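Chain by chain, the residues run as shown.
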Amino acid sequence: MSTPSAHAAPAQVSSWLELLATGSARFSGDLPLPPGCLHALPAVSPHAHAKFSRIEIAAALAEPGVVAVFTAADIPGANQISNLAHDEPLLAAGEVHCVGQPYALVVADSADAAWRGSRLVTADWQPLPACFDARAAFAAGELIQPPRTFSLGDVDAAWAACTTVVSGEVDIGSAEHVYLETQCALALPRDDGGVSVHSATQSPSSTQKAVAAILGLAMHLVEIEVERLGGGFGGKEEQATLWACLAALAAKSLGRPVRSWPERRDDMAITGKRHPYQAAFRIGLDDAGRFVAYEARLLQNAGWCADLSTAILERSLFHATNAYFIPNVRVTAASCRTNLPSNTAFRGFGAPQGIFVIEAAIRAAARELGVPAEVLQAKNLLREGDAFPYGMRIAGACVGDCWQALVPAITARRAEFARWNAGKPRRRKGLAVVPVCFGISFTATLLNQAEALVHVYVDGSVVVSTGAVDMGQGVYGKIQRVVALTLGIPEALVRVAGTSTLRVANVSPTAASTGADLNGAAAREACLVIAGGLRRVAGELLDCPPGSIGFSDGVVAGGEKTLGWRELVAAAWARRVCLSALAHYATPGLFFDRERNQGQPFAYHVQGVALVEASVDVLLGSGRVDRVEVVHDIGRSLDRLTDLGQIEGALVQGIGWMTCEEIVRDDAGRLLSDSLATYKIPDLDSAPEIVVRLREGAGGPGAVLNSKAVGEPPLVYGLGAYFALQEAIASWRPEAAAVFRTPLSSERIFMLLHDVA
Amino acid sequence: MSLLILNARTIELPEDDRPLLAFLREGQRLTAAKPACNGGDCGACLVLLGEVVPELAPGASEARYCAVNSCLLGTDRVAGTQLITAEGLSSGPLTPVQRALAEEGGIQCGYCTPGLVVALTAALLNGDPLLSAVSGNLCRCGAYAGVRRACARIARDFAQRPRSLREAAALGLLLPEVAAAGEQLAAFAAQATVGTGLAEKLQQLDALNRQGQGRLVVAGESDWSLQHAHQAKRELVAPHALQLHRVTELRRIRADADGLHIGAAVSVAELLSSPLIAADWPELPSFLEFFASPAIRNVATIGGNLVNASPIADLAVILLALDAELSIVSLAGCRRIPLSGFYLAYHRTGLAADEVLSEVHVPPAGGRRLRYRKVARREHDDIASVNLALAVGHASSGYFGEVSLAVGGVGPYPLRLPRAAAALCGRPLCAATLREALSLIDEEIAPIDDLRGSAAYKRRLLKHLLLDQVAALHPDFAWEECLS
Ligand SMILES: Cc1cc2nc3c(=O)[nH]c(=O)nc-3n(C[C@H](O)[C@H](O)[C@H](O)COP(=O)(O)OP(=O)(O)OC[C@H]3O[C@@H](n4cnc5c(N)ncnc54)[C@H](O)[C@@H]3O)c2cc1C
Ligand code: FES
Ligand code: FES
């Protein structure tokens, strides 16, 4: 390699971002393949529901390059990869429940041969009836668990006090994650009978548990390592496990390294997506426009097995009233079993679906009353101490403040759009204001714990390991900053190591926007332990009380005197003081009683408001979101650029879900929109102008260094795309205001405008 | 044996045609280019392709560099070129493009980043606008706001664009040794003798045909590689398809008294920037910005677009409205037919296995104006649900002149609508005229339900497209009155 002349002198440490920028960062699929590495792909069901008794593998085995074909009978341990419900075999045995369900595994010496082999496996299929619709599944009693109800006040009595009561129905579509890096796992057999797996997973420990179970091994023989993810968005929380288990099964059985890395089409056809919901609502208001009663029934289309569906459903319930106070509420939700690939976590985790329903109900009420929705919304925002339907009260309410900050913009746009549309132009405009109030913490209380391992080396450099997985949300950068701030050293001295179950055990998934809060707090605890030891040494060296020692920017100060960080570390080592710490953090104060559906499930709430502006060409039906203005509560940002990026990116994802993204299947349940040619995600041109104002304020308990979680809540702003477009459409065709069915694709908009029938 | 300059090194290409992305990643261990969609839809796999193209300017020795999708190309296609991957841009310290993306929030997970960097570097090398250069780069993290900020910064920092690879290297945009290797490209390409004449290609095609291999020609490979998934033993079906993109006769655009003559291997990007095209049809380039992504436009050819016979092929619809004709050659000679007689059935044309499309002839504009519009699920970088081209001649005010109308997405192949067009020809520009034309359209089209929309949608949308185009020509035209 030559030395580049025109470039600046190389920096000491390549930062995380620099690796990504140059393209030298390694994702799982970029790891060099070990010699003799094989490739594995599953053969999947062509039927949405069928029984079978015999699998034909001869043709696949005869395909040049194919080395082995495995079926359920070849699994040494338990044929089970589900983390919660134990209802999901790795390879189907006797019955398949969706198109795309794996029932055999083909291993070959090239990925292409594995692909061909996987298409040559077949079985003696005996097709059975299939159901794809949540309402039909509900009617047939096909439920993943009994329905759950969250309530507050007395809804039945409250209707009498309402002067306006409006009801309606809602259909919310699915969405594909399209993490740009497809699922990937590389498994390496070890001499001790165990396996090491490089897995693109958000959840290293549940992957480890499943691999161990499949292979019949103790967990200490299975090691999961995660480099970094090319996007996850929830799609690699539970569903990365499949690929890790497939690769591990083949690796352990054949004694050779095996990679399982589906291409886009296979990934899209096999993995689950965002849960579609069907819902019915009823909302009642008094004559002052206050919400008095709200009732809703949410039917979640779970797909064929539980996956995370029940937890996702629960979050829909938690957020069913979004950022509003409603004294009388009853929301019932059911997770319905259908013959689709099992739907799974997707940024927002059910909250956006629950919120869509209340936002639709508010639009329906506003239409009935002949006022803009924001008039009703503003009157009913949560105020300090207001109760949620799950026994918690809001502390640190600021959604009203965020709203106030947007009022001038809302008022101006409202007037401007009214004038514009009054001229009956071809391009109609609409706006929507969407507040959010998002609870932070895993709603499964036990997951709200984390561990961090920090080593300080004798040269003063520091490495920190946690269970957090970086998938673009910047959690490594935040942990690096927490460690640097806590030890008072430059960030360049801190390296965040890749995630490994060997360094940190029993980790919670990086999900629920909690990655930085939990792992940052654990890292901070570990640093404080090390700093405690160092402080005593510094006190001796500087001849002053340990309590008066300060660490800042690599300088240790006490009294009038100072000492370099490196010097102190070397001195501490020489005095046999411990320079490593493993610390544990558990978010305090959380509990939830699932019998009564009451408790304190969240550490705090993230709040904010967005003004979404959209327009529609009424002749051709093309719509676009033109501009979004956001005021978002961030606490004290640890990294403004990262937080800004999370808000902008979540918004674009939310807009895509509401507009151009549509999952299309045929009547037999086969996915038709199975590539990026037919499943359209937002591009640069369709991303709107986004203006974000970060509202800095108090952090809240559990927000690391008062920096609030940011990954998921802003996705809710994207829902505004639907309601803003709907308003623009309704200015031409008023009946459209009563339709709540996503996505508003160009075809759907056109049909609403011109063919309401 | 074929050679390639890969970044700064000259290497041998494999004997059989392999998917380029896999060759780079697995064969050469260059993993910056990412597989993400494997279908040309996302730009994560972009690499810079440097070619000396004497076909375009005889005696030219300057290489042209453009971003191409490595997931669509085969290794045969890059013989005698220089490929620059993200690894060839920097060896640690960031280039100004990379720095801008990193510092302006244009990078989240980073999976799309190498593709973005390649697209922006290509734009700087070619003096292209930055934002449109990355319009085909999908970022699922949605870091578009950051990408926009980065583009703005790069545009500020590079008011003066580099005029050569050497200058670009001096500005830190790529490694000096890669630029130095690029300077050898002209000599290298001459050695590699990739370009052959049409006659020789026809001989080879004839030989293949005699072996019963069928018509195995490729131009941009953007469509061909989707039809021949590499997993499905492409190497056995087509060990070496005949490359048309370096055939001199097929790469030229000429203008004479008979109009324009466009070689079949002219790329969409070349059409878009050709002064000859713009002289006759000034609005055509702006319509072509809705054709695929910049990287696809760099390889996709006019011939491939016509022969591939997709029912919504953009150029086919435009050229039908312009009354284009085709020259078709084989060892037996050359025949010339109107494009409107070329399509026989869904994805079937009148081209025989031993024939090659050589030229597209477009009659002189003669005062005609062209309008074109497509509607798709996503406005940019998407295949049309329905598209419509309209060519209109001079007329006295308040009247239609000559009208020719072509549409896509509403039949088995791109269609002309002669009866609807005749209903407009010479008639007063009013709602009654349009209503009659719209009712004739109903009889001339037969859309079907598919992923691009229901038949009912496409039927109605097509009519609205006609109103839209008339409104574009006559801003005070009252389209509302024509809606049923
Ligand atoms: C991501 C993506 C986006 C796209 N977007 C669009 C779009 O917006 N609009 C659109 O119209 N198309 C689009 N396409 C389709 C395709 O890119 C175009 O049709 C393109 O013009 C094909 O040209 P090519 O040179 O790449 O053809 P190739 O793939 O090289 O060839 C296509 C077919 O034509 C034959 N062929 C090519 N040249 C000749 C010739 N001179 N004589 C005889 N036979 C020939 C080949 O044998 C082959 O069968 C898209 C494709 C992709 C992958
Ligand atoms: S991998 Fe998406 S364009 Fe090539
Ligand atoms: S940064 Fe993740 S896809 Fe662009």
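No experiment lies behind these values; they were computed from the predicted model shown. (Residues numbered from 1 in each chain as written. Chains lettered and ligands numbered in written order. Predicted model: local features only at pLDDT ≥ 70, side-chain atom pairs only at ≥ 80, totals over all residues. Heavy atoms only, no water.)

Enquirer: Please explain the domain arrangement of chain A as it appears in this structure.
Expert: How large an interface is tends to be reported as the accessible area lost when its parts come together. Residue and element names in this part refer to chain A. The domain architecture assigned to chain A consists of domain 1 (16-24 + 449-586), domain 2 (31-128 + 177-270) and domain 3 (277-443 + 594-753). The centre of domain 2, based on its C-alpha atoms, is set 36 Å off from the matching centre of domain 3. Taken over both partners, the interface formed by domain 2 and domain 3 buries close to 2300 Å², and the fraction arising from carbon and sulfur atoms is 63%. On the surface where domain 2 and domain 3 come into contact, there are eight residue pairs in polar contact (both at pLDDT 80 or more). The class makeup of the residues in the side of domain 2 that touches domain 3 is 12 nonpolar, seven polar and six charged. (Domains from an automatic or database assignment. Buried area = accessible area lost by both parts, 1.4 Å probe. Polar contact = N/O pair within 3.5 Å; in protein donor to acceptor, adjacent residues only side chain to side chain. Nonpolar A, V, L, I, M, F, W, Y, C, P; charged D, E, K, R; others polar.)

Enquirer: Whenever I open this one, the site of ligand 1 confuses me. Can you help?
Expert: Residues and elements named next belong to chain B. As a matter of local geometry, ligand 1 sits amid 33 residues, with Val217, Gly220, Ser222, Trp224 and Thr301 nearest to it. Note that an oxygen atom of ligand 1 is positioned 2.5 Å from one of the backbone N or O atoms of Val217. At 2.9 Å, a backbone N or O of Ala292 approaches an oxygen atom of ligand 1. Bound to the protein, ligand 1 loses 94% of the 970 Å² it would expose on its own. Going through the elements one at a time, β6 (217-218), α10 (224-227), α16 (302-307) and β14 (356-362) are the ones with two or more residues in the shell around ligand 1. Of the residues contributing to the shell around ligand 1, the split by class is 17 nonpolar, nine polar and seven charged. Taken together, domain 1 (3-191) and domain 2 (198-308 + 325-362) each give at least three residues to the shell around ligand 1, which thus spans both. (Near = heavy atom within 4 Å. Areas by Shrake-Rupley, 256 points an atom, 1.4 Å probe, with all protein chains shown as cover. Helix = DSSP H or I, 4+ residues; strand = E, 2+ residues; numbered from the N terminus.)

Enquirer: Would you mind showing me how to read the interface of chain A and chain B here?
Expert: Between chain A and chain B, the residue contacts involve 82 residues of the former and 86 residues of the latter. Overall, the association of chain A and chain B removes approximately 6900 Å² of surface from exposure, summing both partners, and the carbon and sulfur fraction of that is 58%. Inspection of the region where chain A meets chain B yields 10 salt bridges. Close ionic contact of Arg426(A) with Asp468(B) constitutes a salt bridge, the shortest N to O distance being 2.5 Å. Counting the contacts that link chain A with chain B gives 29 residue pairs in polar contact (both at pLDDT 80 or more). Of all elements in the fold, only α1 (16-22), α3 (111-120), α16 (640-658) and α18 (746-754) of chain A reach the threshold of two or more residues within the side of chain A that touches chain B. The element that contributes the greatest number of residues to the side of chain A that touches chain B is α16(A), accounting for eight residues. In terms of residue class, the side of chain A that touches chain B is made up of 39 nonpolar, 21 polar and 22 charged. (Contact = heavy atoms within 4.5 Å. Salt bridge = Lys/Arg side-chain N within 4 Å of Asp/Glu carboxyl O.)

Enquirer: Explain the pairing of strand β16 (residues 386-392) of chain B to me, please; I cannot follow it from the model alone.
Expert: Successive side chains on a regular strand alternate, one facing one side of the sheet and the next facing the other. All names here are of chain B. Counting buried positions over the seven residues of β16 gives seven, a clear majority of the element. Every second residue of β16 is oriented toward a common face, with Val386, Leu388, Leu390 and Val392 on one face and Asn387, Ala389 and Ala391 on the other, all of them buried. As paired strands, strand β15 (residues 369-375) and β16 are joined by seven bridges and run antiparallel to one another. Within the sheet, the bridge partner assigned to Arg369 lies in β16 and is Val392. In the sheet, β16 pairs with strand β17 (residues 403-408) via six bridges, with the strands oriented antiparallel. (Buried < 20%, exposed > 50% of the residue type's maximum accessible area, 1.4 Å probe, protein only. Pairing = 2+ DSSP bridges.)

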